[in-house]
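# Geometric and topological summary
So the chains spell out like this:
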Amino acid sequence: MGKRIVIALGGNALGNTLTEQMAAVKHTAKAIVDLIAEGHEVIISHGNGPQVGMIHHAVNELTRAVEQDFPIIPLSVCVAMSQSYIGYDLQNALREELLDRGIPKPCATVITQVVVDPEDPAFQNPSKPIGRFMSKEEAEALRDEKGYEIMEDAGRGWRRVVASPKPRDIVEIDTVRALFNAGQVVIAGGGGGIPVVRQGNHLKGASAVIDKDFASCLIAQQVDADVLIILTAVEKCAINFGKPDQKWLDNITTDEARQYCKEGQFAPGSMLPKVEAAIKFAESAPGRKALITLLEKARDGIDGKTGTVITVGH
Ligand SMILES: Nc1ncnc2c1ncn2[C@@H]1O[C@H](COP(=O)(O)OP(=O)(O)O)[C@@H](O)[C@H]1O
Ligand SMILES: NC(=O)OP(=O)(O)O
């Protein structure tokens, strides 16, 4: 029977550059339409780390190099730009794949704002890597010149880091739910959503990038999804990851997952937020489950053949 699914797409579903993204989304669309063809209803969210860093650099540093008075474009606006340009590529790739397979479903991107708490301690402790990977020396030079915070990103190189507060509420959730319930394919919460703080009826952009796995978890809860699928570059989560005694995880309970988190089995900033989002979704209502797997394995994963499945257990 068809399930209500929220899919969070990791970086490898989009690539790092404009040309890579155009190619990657075609492949991504095929995997998502495989699920739609089986009768599942989907909402898709995606990351934006490389893209939002590139956009922020381009609009601020490069533009200001030729036009000194050019006003600073805030990070919240850069997240909005990343949502729309990634959404543009994704919705077109999905549209084409749906038409090619004769599936009459409209597909659209909802520009999504996500409320954050201005007192969230994350504002004082930047932890979200954005933009390109650099050598330590290059990153330190950028820190000294621009005052950016920098951090080593899970053994993959050095990157700029920005605040990443927890998502509290999805502003456009009624629109997302209405489209989803009408059987449409919805792209929402891209890049974790545009971070905003409430000021009465006014929503003020915040300087941050929200984790897309946490935002996807909240969307999934608020649309009453059955499954949260987090697609990334590994088929399963592992304990002792990268060590000789590495063990891939198939079905685990939220209690087991929480214990592995405590033991430090999942790298902060990469696998840890995925597992934390999976636990939160699985525990949010009876019968809900989360799946972490590869894009190419999404269909096998939903059929219970692979991936790491996280449920409350018995
Ligand atoms: N315990 C673990 N099990 C599996 N992968 C892990 C683990 N710890 C860290 N990782 C790494 O986390 C990566 C996924 O995080 P990341 O690349 O940041 O996600 P995204 O796909 O959302 O961009 C995996 O490709 C893997 O290299
Ligand atoms: N916003 C976000 O979580 O992006 P990445 O998945 O690219 O880090």
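Nothing here was measured: the structure is a model prediction, and the numbers come from that model.

### Some thoughts on the environment of Glu276
Considering the arrangement of structural elements, one finds Glu276 in helix α8 (residues 271-282). Distance from Glu276 to Ile230, taken between C-alpha atoms, is 11 Å for residues 46 residues apart in sequence.

### Here we look at the domain arrangement of the protein
Interface size is commonly expressed as the accessible area that is lost once the parts come together. Splitting the protein by domain gives domain 1 (6-117 + 165-309) and domain 2 (126-161). Each of domain 1 and domain 2 was reduced to a C-alpha centroid, and the two centroids are 23 Å apart. When the residues that make up the side of domain 1 that touches domain 2 are grouped by side-chain class, the tally is 5 nonpolar, 5 polar and 1 charged.

### With respect to the site of ligand 2
By nearness alone, every residue bordering ligand 2 is listed as Gly11, Gly47, Asn48, Gly49, Gly191, Gly192, Val209, Asp211 and Lys212. In the shell around ligand 2, the residues fall into 1 nonpolar, 6 polar and 2 charged.

### Observations regarding the environment of Arg95
Here Arg95 lies in helix α3 (residues 75-100). Taking the number of C-beta atoms within 10 Å as the measure of exposure, Arg95 has 16 and is therefore partly exposed. Separated by 155 residues in the primary sequence, Arg95 and Asp250 have C-alpha atoms spaced 33 Å apart.

### Thoughts on the site of ligand 1
Within the structure, ligand 1 sits among 15 residues, and Gly10, Gly11, Thr232, Phe241 and Ser270 are positioned closest to it. Its residues assigned to classes, the shell around ligand 1 comprises 8 nonpolar, 7 polar and no charged.

### Topic: the sheet that holds strand β5 (residues 128-134)
Read from one edge to the other, the open sheet built from 3 strands follows the order β5-β7-β6, with strand pairing classed as antiparallel. Since the sheet does not close on itself, it has two edges, and those belong to β5 and β6 (149-152), each with one partner. Put simply, the sheet's adjacent strands are angled 40° from each other on average, direction ignored.

### Quick word on the pairing of strand β1 (residues 4-9)
Taken across its 6 residues, β1 has 5 buried, putting it largely inside the fold. Read from β1 through helix α1 (residues 18-37) to strand β2 (residues 41-46), the crossover connection turns out right-handed. Two elements, β1 and strand β12 (residues 227-232), share 5 bridges in a ladder whose sense is parallel. Bridge assignment links Ala8 to a residue of β12, and that residue is Ile230.

### Things to note about the nonpolar core
Formed by 86 residues in total, the largest nonpolar core has its most connected members in Ile7, Ile43, Ile219, Leu228, Leu231 and Ala278. It is α3 that provides the largest number of residues to this core, a total of 9 residues. Residue contributions to this core reach at least three from each of two domains, namely domain 1 (6-117 + 165-309) and domain 2 (126-161). If we skip the residues at most four places from it in the chain, Leu231 touches Ile7, Ala8, Leu9, Gly10, Ala13, Thr293, Leu294, Leu295 and Ala298.

### Side note on α1
In a regular helix each residue adds 1.5 Å, so 20 residues correspond to 28 Å; α1 covers 28 Å between its end C-alpha atoms and thus fits that length. If you check which residues of α1 are buried, you get Gln21, Ala24, Val25, Thr28, Ala29, Ile32, Val33, Leu35 and Ile36. One or two steps after α1, the chain reaches Gly39, where phi turns positive at roughly 100°.

### What to know about the packing of helix α6 (residues 212-222) against α8
Angle between the axes and distance between the axes: these two values describe a pair of packed helices. Look at α6 against α8: their axes get within 9 Å of each other, and the N-to-C directions meet at 15°. Between α6 and α8, the angle falls in the class roughly parallel. Note on packing geometry: the crossing formed by α6 with α8 is right-handed. Counted together, Asp213, Phe214, Ser216, Cys217, Ala220 and Gln221 of α6 and Pro273, Lys274, Ala277, Lys280 and Phe281 of α8 form the full contact between these two elements. A per-class count over the contact of α6 with α8 returns 6 nonpolar, 2 polar and 3 charged.

Conventions adopted
- Residues numbered from 1 in each chain as written.
- Chains lettered and ligands numbered in written order.
- Predicted model: local features only at pLDDT ≥ 70, side-chain atom pairs only at ≥ 80, totals over all residues.
- Helix = DSSP H or I, 4+ residues; strand = E, 2+ residues; numbered from the N terminus.
- Domains from an automatic or database assignment.
- Nonpolar A, V, L, I, M, F, W, Y, C, P; charged D, E, K, R; others polar.
- Near = placed C-beta within 6 Å.
- Buried ≥ 20, exposed ≤ 12 C-beta atoms within 10 Å, placed from the backbone.
- Pairing = 2+ DSSP bridges.
- Axes fitted to C-alpha atoms, helices over the stretch in contact; angles between N-to-C directions.
- Right-handed = clockwise from strand over helix to strand, strands pointing away.
- Core = buried A, V, L, I, M, F, W, Y, C linked by C-beta atoms within 7 Å.
- Contact = placed C-beta atoms within 7 Å.
- Expected span 1.5 Å × (residues − 1).
- Parallel < 35°, antiparallel > 145°, perpendicular 65-115°, else oblique.
- Left-handed = near helix turned anticlockwise from the far one by under 90°.

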